[in-house]
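# A structural walkthrough
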Amino acid sequence: MANGTRYGLTAAVWTQDVGRAVRLARSVQAGQIAVNTLGDGGPAGAIGAPFGGYKHSGFGRSMGPDHLEDWTQVKCVVINAG
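So, a few notes on the structure that sits alongside this text. If you're wondering where the values come from, they're calculated on a predicted model, not measured in any experiment.

### Side note on the sheet that holds strand β3 (residues 32-35)
Pairing within the open sheet is parallel, and its 3 strands lie in the order β2-β3-β5. Each edge of the open sheet carries a strand with a single partner, namely β2 (10-13) and β5 (76-79). The average angle at which neighbouring strand axes cross in this sheet is 10°, direction not considered. As defined by bridge partners, β3 adjoins β5 across 4 bridges and the pair is classed as parallel. Residue pairing for β5: Ile33 is matched across the bridge by Val77.

### Let's talk about the nonpolar core
Grouped together as the largest cluster of nonpolar side chains are 7 residues: Val13, Ala21, Ala25, Val28, Ala30, Ile33 and Val35. For this core, the secondary structure elements donating two or more residues are α1 (18-27) and β3. Sequence-distant contacts of Val13, defined by excluding residues within four places in its chain, comprise Leu24, Ala34, Val35 and Asn36.

Conventions adopted
In this convention, every chain numbers its residues from 1, walking through the sequence in written order. Whole-chain, interface and lining totals are the exception, using all residues; otherwise, since this is a predicted model, local features are given only for residues with pLDDT of at least 70 and side-chain atom pairs are given and counted only at 80 or more. Hydrogens are left out, water is left out, and the side-chain values use all remaining heavy atoms of the structure. Any two strands with at least two DSSP-identified bridges between them are counted as paired. Strands here mean DSSP runs of E at least two residues long; helices mean DSSP runs of H or I at least four residues long; both are numbered from the N terminus. Throughout, an axis means a line fitted to C-alpha atoms (over the contacting stretch in the case of helices), and angles, computed between N-to-C directions, take values from 0 to 180 degrees. Residues grouped as a nonpolar core are buried Ala, Val, Leu, Ile, Met, Phe, Trp, Tyr and Cys residues, joined through side-chain atoms within 4.5 Å. When accessible area is computed with a 1.4 Å probe and restricted to protein chains, residues below 20% of their type maximum are described as buried, those above 50% as exposed, and intermediate ones as partly exposed. The contact rule is simple, with two residues in contact once any of their heavy atoms fall within 4.5 Å.

If you want it as structure tokens, here you go:
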């Protein structure tokens, strides 16, 4: 269902199962994944983390060295496991 849209800028999920969160982060087509957080304080909660989307979201990457590699698919995953 999460991948059933033309857009893929960000996604968020809440779970107690970190393994499940990692599997979800690998499979969801989004530029940033936040786990157990809304990403307060910056893109996915990490200042300087790559920001940009998949599919029809965003215009490449900004922030961090990844903006130099616009032809790649970079994904930022932040997990609050505490």
